[in-house]
Each structure stands twice: as structure tokens, then as C-alpha cells.
Number of protein chains: 2
Amino acid sequence: MTFEERARALVAQMTLPEKMSQLRYDAPAIPRLNVPAYNWWNECLHGAARAGTATVFPQAIAMAAAFNAPLLEEVATAISDEVRAKYNRYKTFGETEIYQGLTCWSPNINIFRDPRWGRGHETYGEDPFLTGRLGAAFVRGLQGDDPKYRKVDATLKHFCAHSGPESIRHGFDAVVSEEDLQSTYLPAFRYCIETSDPSAVMGAYNSLNGEPCCGSVKVIEELLRDELGFTGYVVSDCGAVRDIDQYHHKTASPAESAALAVNSGCDLNCGSAYTWLQAAYEQGLVSEEAITRSAERLFAARFRLGMFDDDCPYDALGIDVVCSPAHRALNREIARQGIVLLKNDGLLPLKGGERIAVIGPNADEMSVLLGNYNGIPDQYTTLLRGIQEASAGRVLYAKGCHHYDPKVPERAQFPLREAILAARDSDVVILCMGLTPQMEGEEGDAYNGCNGGDKFDLELPVPQKELFEAVLAEGKPVIFVNVSGSAINLCRQDETCAAVVQCFYPGAEGGGALADILFGKANPSGRLPVTFYRSADDLPDFADYSMKGRTYRFFEGKPLYPFGHGLSYTDFIEEQLDGNRVRVANAGSMDGWHTVLRFAPHLAGFQKVFLKAGESAVLSFEP
Amino acid sequence: MTFEERARALVAQMTLPEKMSQLRYDAPAIPRLNVPAYNWWNECLHGAARAGTATVFPQAIAMAAAFNAPLLEEVATAISDEVRAKYNRYKTFGETEIYQGLTCWSPNINIFRDPRWGRGHETYGEDPFLTGRLGAAFVRGLQGDDPKYRKVDATLKHFCAHSGPESIRHGFDAVVSEEDLQSTYLPAFRYCIETSDPSAVMGAYNSLNGEPCCGSVKVIEELLRDELGFTGYVVSDCGAVRDIDQYHHKTASPAESAALAVNSGCDLNCGSAYTWLQAAYEQGLVSEEAITRSAERLFAARFRLGMFDDDCPYDALGIDVVCSPAHRALNREIARQGIVLLKNDGLLPLKGGERIAVIGPNADEMSVLLGNYNGIPDQYTTLLRGIQEASAGRVLYAKGCHHYDPKVPERAQFPLREAILAARDSDVVILCMGLTPQMEGEEGDAYNGCNGGDKFDLELPVPQKELFEAVLAEGKPVIFVNVSGSAINLCRQDETCAAVVQCFYPGAEGGGALADILFGKANPSGRLPVTFYRSADDLPDFADYSMKGRTYRFFEGKPLYPFGHGLSYTDFIEEQLDGNRVRVANAGSMDGWHTVLRFAPHLAGFQKVFLKAGESAVLSFEP
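The structure presented is a predicted model; accordingly, all values stated were derived computationally and were not measured. (Residues numbered from 1 in each chain as written. Chains lettered and ligands numbered in written order. Predicted model: local features only at pLDDT ≥ 70, side-chain atom pairs only at ≥ 80, totals over all residues. Heavy atoms only, no water.)

Can you walk me through the overall build of chain A in this structure?
Broken down by element type, chain A carries 20 helices and 19 strands. For 623 residues, the compact-globule estimate of 2.2 N^0.38 gives 25 Å, and chain A sits close to it at 25 Å. With respect to the three principal axes, the spread of C-alpha positions in chain A is 75 × 50 × 50 Å. Expressed as a percentage of the 623 residues in chain A, the buried residues total 67%. Counted over contacts in chain A with a minimum sequence separation of 6, partners at least 24 positions apart contribute 74%. (Helix = DSSP H or I, 4+ residues; strand = E, 2+ residues; numbered from the N terminus. Rg over C-alpha atoms; globule rule 2.2 N^0.38 Å. Buried < 20%, exposed > 50% of the residue type's maximum accessible area, 1.4 Å probe, protein only. Contact = heavy atoms within 4.5 Å.)

What exactly am I supposed to notice about the sheet that holds strand β15 (residues 572–576) of chain A here?
Two orientations exist for strands paired in a sheet by backbone hydrogen bonds: parallel and antiparallel. Residues and elements named next belong to chain A. A sheet is described by the order of its strands in space; here three strands give the open sequence β15-β16-β19, paired in antiparallel fashion. Across the chains shown, the open sheet's two edge strands, defined by having one partner strand only, are β15 and β19 (616–620). Each strand of the sheet is rotated relative to its neighbour by a mean of 20°, with strand direction disregarded. Bridge analysis of β15 against strand β16 (residues 581–586) gives five bridges, and the strand direction is antiparallel. (Pairing = 2+ DSSP bridges. Axes fitted to C-alpha atoms, helices over the stretch in contact; angles between N-to-C directions.)

Any chance you could explain the sheet that holds strand β7 (residues 211–212) of chain B here in plain terms?
All names here are of chain B. Strand order across the open sheet formed by three strands is β4-β6-β7, with mixed pairing between neighbours. Of all the strands in the sheet, just β4 (173–174) and β7 have a single pairing partner and so form its edges. Examined bridge by bridge, strand β6 (residues 207–208) and β7 share two bridges and lie antiparallel to one another. Following the sheet pairing, Ser207 is matched in β7 by Pro212.

Would you mind showing me how to read the relation of the copies chain B and chain A here?
The operation relating the two chain copies consists of a rotation about an axis and a shift along that axis. Note on the identical chains: chain B maps onto chain A by a rotation of 180° and an axial translation of 0.0 Å, with an RMSD of 0.0 Å. Taken together, the rotation and translation relating the two chain copies correspond to the operation of a two-fold axis. Taking C-alpha positions as the reference, the residue of chain B nearest the rotation axis is Met366 of chain B, at 5.1 Å. In this assembly the copies share their binding face: 100% of the residues contributing to the interface of chain B also contribute to that of chain A. (Least-squares fit on C-alpha atoms with pLDDT ≥ 70 in both.)

Honestly, the nonpolar core in this entry has me stumped. Any pointers?
Side chains of a nonpolar character, in soluble globular proteins, are inclined to be buried together. In this structure, Ile359, Ile479 and Val481 of chain A together with Ile359, Ile479, Val481 and Leu518 of chain B are the most contacted members of the largest nonpolar core, which totals 160 residues. If sequence neighbours within four positions are ignored, Ile359 of chain B has contacts with Ala398, Ala419, Ala422, Ala423, Val429, Ile430, Leu431, Cys432, Leu467 and Val471 of chain B. (Core = buried A, V, L, I, M, F, W, Y, C linked by side-chain atoms within 4.5 Å.)

Which parts of the structure should I look at to understand the interface of chain B and chain A?
Much of the literature gives interface size as the accessible area that the parts lose upon coming together. Facing the 47 residues of chain B at the interface are 48 residues of chain A. Interface of chain B and chain A: buried area, both sides summed, is about 3900 Å²; carbon and sulfur atoms make up 43% of it. On the chain B side of the interface with chain A, the three residues burying the most area are Phe93, Arg385 and Arg417 of chain B, jointly 18% of the side's total. In this structure, the connection of chain B to chain A is made through 14 salt bridges. Across the pair Arg355 of chain B and Asp320 of chain A runs a salt bridge, and its minimum N-O distance is 2.7 Å. Elements supplying a minimum of two residues to the side of chain B that touches chain A: α4 (69–90), α15 (383–390), β11 (395–398) and α16 (416–424) of chain B. Ranked by residue count, the leading element in the side of chain B that touches chain A is α16 of chain B, at five residues. When grouped by side-chain class, the residues that make up the side of chain B that touches chain A number 21 nonpolar, nine polar and 17 charged. (Buried area = accessible area lost by both parts, 1.4 Å probe. Salt bridge = Lys/Arg side-chain N within 4 Å of Asp/Glu carboxyl O. Nonpolar A, V, L, I, M, F, W, Y, C, P; charged D, E, K, R; others polar.)

Sorry if this is basic, but what is going on with helix α8 (residues 217–227) of chain A here?
The α-helix advances 3.6 residues per turn, and as a result positions three or four apart in sequence lie on the same side. All names here are of chain A. Residues of α8 that are buried include every one of Val219, Ile220, Glu221, Leu223, Leu224 and Arg225, and no others. One side-chain oxygen at the N-terminal end of α8 lies 3.2 Å from the backbone nitrogen of Lys218; it belongs to Ser216. Phi for Gly229, located one or two positions after α8, is positive at around 80°. (Polar contact = N/O pair within 3.5 Å; in protein donor to acceptor, adjacent residues only side chain to side chain.)

Even after reading the chapter, I still don't get the environment of Val429 of chain A, so can you show me in this structure?
Residue and element names in this part refer to chain A. As for its position among the elements, Val429 is in strand β12 (residues 428–434). Assessed through its relative accessible area of 0%, Val429 is described here as buried. If sequence neighbours within four positions are ignored, Val429 has contacts with Ala357, Ile359, Ala423, Val471, Lys476, Pro477, Val478 and Ile479.

Explain the side chain of Ser236 of chain B to me, please; I cannot follow it from the model alone.
Residue and element names in this part refer to chain B. Tracing the backbone through its elements, the reader meets Ser236 in strand β8 (residues 233–236). A polar contact of 3.2 Å, which involves the side chain of Ser236, links it to the side chain of Asn269. Ignoring any residue separated from it by four or fewer positions in sequence, one finds Ser236 in contact with Met202, Gly203, Cys214, Val241, Cys266, Leu268, Asn269 and Cys270.

Got a minute to help me understand the packing of aromatic side chains in this structure?
Ring pairs (aromatic) are described by centroid distance and by the angle formed between their planes. All names here are of chain A. Evaluated as defined, the whole model comprises 46 aromatic pairs over all chains. Ring plane angle 85° and centroid distance 5.8 Å describe the contact between Phe67 and Phe606, whose orientation is recorded as edge-to-face. Taken together, the positions of Phe67 in the loop between α3 (60–65) and α4 (69–90) and Phe606 in strand β18 (residues 603–611) put the pair 539 residues apart, joining distant regions of the chain. Each member of the pair Phe67 and Phe606 is classed as buried. (Phe/Tyr/Trp six-rings, centres within 6.5 Å; stacked < 30°, edge-to-face > 60°.)

Please clarify how unusual backbone geometry should be interpreted in this entry.
Most of the time, phi is negative for any residue but glycine, and the peptide bond is trans. Residues and elements named next belong to chain B. The omega torsion across Phe159 and Cys160 is 15°, close enough to zero to call that bond cis. Structurally, the position occupied by Cys160 is in the loop between β3 (155–159) and β4. Cis geometry is found at the peptide bond from Ala600 to Pro601, where omega equals -15°.

Treat this as a map of the structure, not an account of what it does.
Have a look at this one:
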């Protein structure tokens with residue numbers, strides 16, 4: 001029997017209330033049918049998340065900056081190994097709890113439309129082609145290559161046109177033209193669905209042109225299933241079904257919302273709305289057939305994950321795979337490849353014997369390694385520690401200021417003067433500044449609640465600007481390391497610093513990876529997956545979903561650092577051989593990775609290759 | 001001219017308002033007399049504190065557990081080198097700011113009268129003899145041994161009879177019998193004053209038998225100066241002078257409070273009360289002579305610190321002494337000596353190849369290394385990291401629970417189940433639990449504001465108790481590592497665990513030091529400087545300052561671990577040779593430190609000696 005047939009046979013034995021109960025993310029057990037309770041909610045955006053100790057890879061945006069789809073697929077394989085290993089252990093308790101299952105609500109393949117969006121660092125950046133390729137690689141890595149079973153279910157999110165503002169997301173209507181929909185908001189979903197067979201898609205909180213994404217036949221049945229050809233199950237974002245009556249005001253009651261969602265093809269509910277399905281049924285709002293259809297889809301998925309079989313090869317994955325040395329090494333490798341060298345006047349790589357001042361609130365900050373939707377690392381290397389471990393000279397450390405608040409009582413405890421003196425007493429300064437995942441993030445999750453998790457602008461916080469100027473005034477060469485999940489206005493840094501490095505949120509091995517770059521043990525190869533603008537003033541209104549004037553594809557101004565920008569310590573020379581082939585040569589003296597980008601005029605191909613000094617290679621692209 | 005003569009000559013040139021201004025902790029400059037602004041407030045309880053990066057030695061209570069006065073003096077020498085080096089750099093700005101000066105408001109030699117006191121971890125424990133000897137060693141180390149200049153001013157605090165409750169400290173009246181005053185609350189102050197010549201004493205917030213400690217002729221002039229022979233300057237605790245009218249209701253206005261304090265001999269005011277001195281003078285409440293006397297004392301101290309000379313040898317201390325490798329090594333040594341092995345059934349030391357589960361909220365928690373009144377380390381080793389670095393086997397880590405809150409949203413992110421599984425998958429479990437400096441601390445400083453920073457009882461928080469039982473049920477041998485600044489009820493741990501270790505707050509090198517002990521690279525030699533009771537129910541009311549029923553000296557019940565308790569991996573045999581001499585022999589197979597304690601019946605002598613296996617030594621004690 002196929003998984004679908006087994007699902008149909010199992011669901012056929014259920015009562016209607018039992019079927020309804022299985023459409024909730026916290027599906028209860030049905031002991032008489034040997035169905036254990038199952039909590040569908042799990043996360044693995046850049047590592048097994050929220051379930052304790054795990055390898056914490058760089059945040060998604062940092063992995064995107066590596067521009068290396070095969071490497072990302074390796075990472076996703078490591079992640080799904082850890083998710084599965086944890087599940088295998090957790091299920092010995094009989095059932096699994098939240099964040100312990102096999103159905104991961106990752107990746108986030110929304111387009112990073114505007115740098116102010118707090119959740120932008122969960123994405124692969126602003127380009128639909130890049131996002132699609134990386135998303136598909138991630139899905140393949142998660143789902144595994146067993147011919148019969150899925151290792152882990154991937155869930156593409158959030159469908160569709162979801163990218164802030166966070167503070168109004170529950171009732172927001174994204175007004176999107178057909179052109180923008182087809183060329184910007186849909187392509188990554190389309191590509192992933194066509195090539196990587198994702199098990200699931202998550203509906204967005206917002207409406208799309210007036211249609212609530214979790215309660216719309218147009219969005220789910222017509223756009224997602226019919227037009228894009230999606231055949232898996234759809235899950236609502238958490239609480240999104242209740243939003244239909246509470247914030248979108250499309251329905252008058254939770255029962256109506258639940259019915260509308262099920263009737264639209266939203267199979268699984270994260271939240272509590274589907275507890276009203278019985279009421280909806282009694283009011284004649286939803287049919288048993290609709291509920292059965294969703295239940296069958298969900299049980300087909302559970303069967304495909306091997307949950308009811310004993311011959312699933314992934315059951316053999318043991319706990320030692322979690323945080324294994326191999327995963328740690330892989331983590332450091334993708335962290336290295338995701339660091340982007342934005343400017344270098346020749347100071348980098350450092351020789352190693354310099355007297356170094358490491359200054360700034362992000363230097364020894366563990367949280368910036370982790371991003372959001374993260375696990376807990378069992379080992380981590382802050383930027384400071386990485387530099388200390390790599391440096392042969394004296395390293396002076398000064399925190400210098402609070403991340404954003406000039407008035408916190410602790411301010412005197414890391415005086416500005418200490419930073420000034422550290423610079424004065426050193427040969428070179430490494431300034432580690434930027435944001436934290438608490439300053440840009442999801443609604444209700446980030447501290448800056450006044451703006452729902454989004455950024456007001458692209459500026460560094462005032463205390464950091466003051467620290468920057470005070471240190472700069474000492475006249476020492478400055479390497480500016482920016483840690484953020486989004487574009488920051490680095491004009492002043494570009495103008496004044498010897499080198500500028502973008503780290504994003506680089507994962508638990510971030511400090512070691514940064515040190516590898518700074519001291520030349522690795523050649524920088526990251527590229528920007530987003531445009532670094534000079535100011536938010538150059539951008540349209542944040543809530544305007546038209547792509548006009550946004551991202552490298554439609555921005556008409558002059559960015560500080562364009563999409564795809566990223567320097568190396570060596571010289572790579574590209575030569576177009578014919579329409580589909582490019583010869584790339586490492587003409588410098590240092591081995592390194594290089595990504596060839598093809599634009600037509602938007603990104604239409606990218607391949608990353610490792611070339612020793614003097615080596616060359618010919619890369620073939622799809623026509 | 002002596003420093004006192006120079007002070008008199010300088011103060012004689014000041015106007016009355018200028019003199020008044022110099023009695024404030026934030027003394028302004030008097031440019032016409034070449035007197036720079038000076039902020040008297042600095043802290044160095046266990047390292048240069050609140051002025052940025054510094055070597056963070058173990059919290060005071062942990063250093064007390066080392067029972068090693070010469071080692072503590074070495075540590076204090078390292079601390080004052082760092083304080084002075086920072087001052088030397090900061091003063092290049094013309095004047096120094098808060099936490100950048102040479103006048104440190106350390107050590108805290110109050111008696112740790114009751115384990116519920118939040119600030120108890122700032123002290124050297126519950127015994128007056130131990131506190132006096134360690135306090136004097138610390139003062140000597142801070143103040144240096146130059147025949148002319150002071151390196152740093154030490155300040156004994158808080159005079160007198162100050163040990164909670166935090167929540168009512170500003171108006172609290174400690175009712176103390178003459179017997180308790182003389183045998184418990186005064187001896188450490190008396191000994192330090194008689195033997196180590198501390199520059200300063202800080203008055204307490206509370207009243208002593210109805211006399212506000214910062215505004216009492218009886219307390220300051222009669223008790224401190226006349227009876228104890230103190231000749232230095234007295235500083236108020238911060239805001240304590242205003243407390244005299246606001247909370248003690250001994251005066252009717254801030255002007256009256258300021259006058260009373262100055263007239264009582266409180267020379268320096270932390271807070272704002274002395275801005276009312278002009279008003280007090282105009283009301284005839286305070287004389288110019290009284291103000292002059294205090295100003296002269298303060299300037300004598302500044303002269304003695306070399307602030308107005310250019311031949312002070314301590315001016316040569318440079319910034320490289322801060323966080324030097326030598327200080328790091330010293331830090332690890334005292335951290336090792338301050339760890340107390342409370343129970344060992346033979347499991348310790350570990351062999352090194354075990355499969356280890358490290359579990360608990362204090363395992364990878366940086367803040368517990370630091371205690372309070374701390375600097376920022378430039379490197380630190382958490383307990384987990386120390387164990388990982390020392391272990392040859394696999395180390396599984398599970399945080400297991402939040403420190404105290406069972407309801408925080410992140411709870412699911414480190415599931416209890418993970419801890420259970422880690423135990424199940426390992427040979428031995430190291431449980432790292434206890435409190436944090438945010439759970440027991442100073443009023444307004446600790447999170448648990450509901451109790452002003454004090455503990456309600458001696459219990460581990462409920463989530464940790466649940467975690468403990470769940471892990472214990474797995475049946476693996478458990479090493480219980482308790483991290484706290486105070487006594488905890490460890491009866492259940494003593495009953496069920498293979499080993500119990502008390503770490504206190506062990507400083508930036510704490511994880512390495514713990515690993516040295518656990519894996520037998522160092523022999524445990526710490527002793528408890530406080531009694532570990534079985535329950536707070538065995539104790540008198542917290543606010544009762546009578547010593548009856550408190551500390552090993554007067555407690556009549558059976559403690560779990562008595563004052564002075566601490567095991568070794570080797571056997572030390574003590575033999576009383578005559579009244580004053582003890583032969584001590586290392587009769588075991590491992591080298592180690594051993595402290596001989598002499599009780600008569602209370603602690604009357606202690607000496608620590610390092611003996612190789614098979615070695616012996618004869619120690620002479622004062623009669």
C-alpha cells in the first residue's frame with residue numbers, strides 16, 4: 001500500500017471528532033488506533049532549534065551569503081540528522097512534544113524585500129533566483145534521499161508575499177501586482193516545489209490582495225496547489241486562522257475562520273482555531289469530506305516519515321550525531337564562506353603579531369552568534385575569543401558601550417574611555433558592532449517592541465556611533481566588523497576604515513571563522529545576498545509591497561555595496577567562453593573559493609568553485 | 001612635609017564652599033589650586049570592578065573558602081596592580097571618572113550572619129577570626145608595601161553590624177548586645193585596623209542600637225576611632241546620609257542629616273546629602289572646623305596615593321598588567337583552592353575517558369562565574385567548557401531547566417527530556433545547579449526584587465529540584481556541583497549523589513578550576529567558610545541580630561556540612577606536638593594543599609600548606 005492508501009485506511013477508521021483533532025498541531029493520541037500524540041511544531045532554520053543542544057549553524061542570511069547551494073545542502077543534511085537523532089531519542093518516551101518532532105517549519109523563503117524587516121535574517125536575501133536555489137538545496141538536505149521515507153519534512157514559509165511590517169502582520173493586506181507576484185514573490189516557492197518536493201507549505205499571517213493567506217481558496221487551492229503544483233499539506237502560521245476574524249475581519253467568528261481555512265485547503269492549524277471545527281460542522285460551515293481530505297494528507301506525511309514503520313533507515317541515527325566534530329567543522333566552513341569582505345585597503349589579512357584592540361558590544365556577545373529560531377550550542381566561539389585564539393600578539397578588549405541604550409546603569413562599567421585607550425595602546429583596532437537578534441526579529445520576540453521587531457532605519461544605534469567616532473579619532477587603522485542580519489548604513493565606515501567585514505549572525509563557530517578570515521587562514525568568499533543602501537530614505541514606504549525602487553533589481557539609486565558584492569584576498573579572472581560556459585582563473589597568490597554570478601539582467605546563475613593559486617576551471621551554466 | 005601637613009596647607013587655601021565640595025564623592029576640580037576633579041567611588045571586591053575589562057577573581061566568599069591568607073594577599077596585589085594601571089591610563093584624560101580612581105570601597109568584612117542575606121557572597125563568611133585575617137591580607141595587598149605611597153586605598157565596610165535584610169536596610173536598626181558586638185561584629189574591623197592600616201572605613205546604611213551608622217558620634221568617633229583606633233577617613237554608604245532623615249527619621253531635613261554626619265566624623269559622602277552642607281552651615285548646624293577636619297583627612301589620603309607627586313613608583317604600572325597571563329594563572333589557582341569537596345564516595349577524581357552528561361542551568365552560565373561587584377573578563381571558562389576541555393570522552397550537554405522560573409516561554413527550548421536522555425546516554429552525570437548573582441544580591445541589583453535581593457529560604461528553585469529528581473531517577477552516578485554564594489540545603493544531594501562539590505561563584509577561570517578538581521589535576525583543598533544548614537527553619541528570624549543559634553559558633557542543631565568542612569583526595573594526618581605546634585603529614589598518594597584549623601573553641605588559627613605525597617611539615621601557631 002502507498003502511504004496515501006495507508007492514510008486513507010487509517011483515517012477511515014476515525015470518528016469525525018477524531019479526524020478534527022488530528023488537524024491541530026498538537027494532535028492528541030487515538031489509542032484504539034495506535035496513533036500516538038504528535039506535536040507538529042518543530043523548527044530548524046539553521047540547526048535543530050528550540051529542543052536543547054544542537055549545532056547552531058549561521059543564520060539563514062549568513063548561509064545565503066556563502067552563495068554555495070551544495071554546501072547548504074550538506075548543512076541541511078547535518079541539521080536533519082540532528083533533528084532525526086533527537087526525535088529518535090525523544091520518541092522513546094512514547095510520544096514527542098513541541099520541537100521534538102520531524103515536521104520542521106523551515107526554510108523561510110520569503111523575499112527580503114526591505115532591510116527594515118526584523119525577520120529578514122531568516123531568509124536567503126532579496127533575490128528570487130538565489131532564494132529558490134538555496135531553498136531547494138535546503139529542502140533536499142532536510143528531506144533526505146531515501147527512496148521510500150522522508151528524513152524530516154521541510155515546510156516552505158510563509159506563503160505568500162510576507163515580509164513585514166511585523167507590528168501589523170496579523171491584519172495586514174499585502175497589495176501585490178501580478179507582475180511582482182510572478183517575478184518576485186512566487187518564483188522561489190515555484191522553484192522549490194518543482195524541484196525539491198517539499199512536504200509542506202506554511203500560510204502567511206497577512207492577506208494577499210484582500211485574501212487572508214490561511215483562509216483563501218484563491219491563495220491555497222488556486223495559486224499554491226493548481227498554479228504552482230504543490231501536492232503536500234498546508235499548515236497555518238501560529239494563530240493565523242484566528243486572525244481571519246480578529247484582525248482581517250473576513251469572518252465573524254472563530255468557527256467561521258476554522259471552516260474557511262479547512263475549506264480553503266489549510267490542512268493543519270497552529271493555534272487553537274480548529275478546536276472550533278466541531279461548532280463549524282454543526283453550523284454547516286464545513287463538510288466531513290473537507291476534514292477527511294486534510295486528515296489524509298497529514299497521515300500520509302506521518303507515514304512517509306516512517307512514524308508507523310520499523311524499517312525506516314533514519315531510525316538508526318543516534319544522539320552522537322548531535323554536535324559531532326564533523327558538524328562543528330562543517331559549521332566553521334559555512335561560517336567562513338558566509339563572511340563578506342566589503343572593503344579592504346590591504347590591511348587584511350593581518351600578519352598575526354599585531355597588538356590588537358578588539359572593541360565593541362558585539363565582540364564578546366554570544367547571542368549574536370545564534371540569530372533567532374536557534375538551538376543551544378554546546379560550544380561557541382565569540383568574535384573576541386576567535387581573535388584571541390588566532391592572534392600571536394596582545395589583544396586588548398573593551399566593550400565600549402551598550403548595544404543601543406546610552407542610559408543603562410551599567411554604562412559606567414565599560415567606559416568609552418577604556419575603548420579609546422585600548423585603541424591608543426594598539427597597532428590595529430577591530431571594531432565589532434552592529435545589531436543583535438533582540439534588536440531585529442519577530443513580533444513579540446525582539447526587545448524593540450516599539451516597532452514590533454522591525455528596524456526604524458538603517459543606522460547603527462547612537463551609542464555605537466559615538467563609540468565609533470571616539471575610536472576612529474585615535475587614528476589607528478580600523479577593521480570594522482558589522483554583525484547584523486540586515487543591511488546597515490556603513491557609509492561612514494566605508495569612508496574611514498581600513499577594512500569592512502559583514503558577518504551577519506555567524507553561528508556558534510562564528511568567532512573562529514572570522515579569525516580565519518582576518519588572519520588569512522581562509523580567503524573571504526562571501527557575497528552580499530542583499531543590497532546595502534546608504535539610507536532608508538532612499539527606499540519606498542516599508543508597507544508598500546510594490547518592488548519599484550527595491551532590491552538590486554529595481555533600485556535606481558546608488559547603493560553603498562551592491563547585491564553580490566564581496567572581496568577576496570586573491571584575484572579571480574572570469575572569461576566568458578560562450579553563452580553557457582565561463583572560465584575562471586585564480587590569478588593571485590592565495591587559494592580560495594569564488595562564486596561566479598550570471599546576471600540576465602537579474603541573477604540567473606551562480607556557481608562556487610575552489611581554486612588554488614594559479615588554477616583555473618570551466619563552469620557550465622544552464623542556458 | 002608629611003602628607004597631613006601638605007593636606008592642611010592645601011585645604012587652608014580653600015574657601016568654605018570649596019572645602020564642602022571636596023567632601024562629596026564626586027569632588028569637583030579647583031583649578032586655581034591645581035586640584036583636579038576626583039571621583040572617589042571605585043570597587044575591587046574580587047578584581048578591578050565596573051571599569052571595563054579586568055581579571056575577575058572568584059567572588060569573596062569563594063576566595064575565603066581557600067582559607068589561604070598569603071594567597072589572598074597575592075590576589076589583592078594583582079587586583080591593586082590592575083586598579084592602579086587603569087587609573088594611570090585614565091588619568092591621562094586630566095581627571096578620572098567613577099570607577100576609575102584609586103579609592104576602592106572593598107573589602108566587605110561584614111559577618112555572613114544568616115545564609116539568607118543576598119550580599120553574603122561579598123564577605124569572607126561567618127567567622128570573625130577568618131574574616132579579620134583575610135580582610136587584613138586583602139587590605140595589605142591592595143595598599144601595597146611602598147614605604148611612602150599607597151598603591152590603592154582599601155575601605156573596610158560596612159561599619160557596623162550590617163548583614164541584611166536588604167529590603168529594609170535604609171531604615172533598619174540592628175539591635176546588638178555588647179557581647180555580640182565585641183565577639184562577632186567588631187573583631188574583624190578591629191583586627192584589620194590594628195594590623196593592616198586601612199585608609200578608609202565605610203559606614204553602614206543601618207542603625208546600630210538606634211544610632212544611624214553614618215551619623216553617630218557613638219558609632220564613628222567613639223567606637224570606630226576611639227575604641228578601635230581607626231585614624232583614616234570615613235565614607236558613607238551611597239545615599240546613607242539621606243537615609244538618616246528619610247528612613248531613620250533621626251533628623252528632620254537633609255541639611256540636618258549632612259550636619260550630623262560631618263559632626264559625627266563621616267568625612268566623605270557617597271550620595272547627594274553633602275550638597276546641603278552650605279544650608280546646614282547657614283543654619284548653624286555644622287562648623288567650618290568640622291568641615292576642614294574632614295577635608296584635611298581626605299586630602300591627606302589623596303597625597304598619600306601620590307596623586308600630586310611625580311615620584312610614585314606605582315605610576316609605572318602599565319595597561320599590560322591588566323588580564324596578564326600571570327594574573328590568569330593566579331586566578332585559576334585561587335579558584336581551585338576555593339572549591340570545596342563536600343562529599344565523595346570515591347567516584348572523584350574522574351579517570352577522564354568517561355561519557356559524561358553535563359546538565360543544569362549553571363553549566364554554561366557566564367554570569368555565575370562573575371558574582372557581583374565585578375569587572376568584565378576578556379576570557380572566561382564556563383563549567384561546561386572547562387569540563388569539555390579536560391575530558392577525553394564524549395560530553396553531552398543539556399541545560400535542563402530555567403534557573404528559577406518554570407513558566408518562561410523558552411522552557412520548551414531546553415526540555416527536561418533532553419536532560420533525562422543525556423543522563424541515560426552517559427556513564428556519569430555532572431549536575432551544575434544552584435543560584436546566580438541575580439538571584440541573591442544587593443537591593444535593587446538582584447532580579448528577585450520581591451525580597452530585595454535576599455533569599456527566602458535555603459532551597460534550590462523548584463525547576464531545579466524537578467530536574468534533579470528526573471536525572472537522579474536514571475540511576476547514573478551523579479556529581480552535584482552547587483554554584484551559589486551562600487549555603488543551600490543539599491541534604492537530598494548528600495543522600496543520593498556520588499559526590500557533592502561547592503563552587504561558590506568561582507571567577508572567570510572557574511570552569512578550568514572545577515575541571516582541575518574533577519579530573520584530579522588539582523587536589524581539592526577548599527573549606528566551608530559558612531555553615532551549610534539543613535533548612536532555614538533551623539535558624540532564628542532573619543532580622544534578629546542576636547548571634548544565638550547562628551553560625552557554627554552558636555548553632556545548636558546539626559548542620560549538614562559544618563563550617564570548615566572540605567574533603568581531599570589524599571589523607572592528611574595532624575598531630576599536636578605541643579600547645580602551639582602541629583605536625584601535618586600527607587599520608588596519601590596525591591600531592592595537595594591542606595589547611596590546619598585550630599579551634600578554641602571558635603576558630604583561633606589556620607594555616608595552609610602544600611605537601612607532596614609522603615611529605616610532612618610542622619606548623620607553628622600563635623599562642
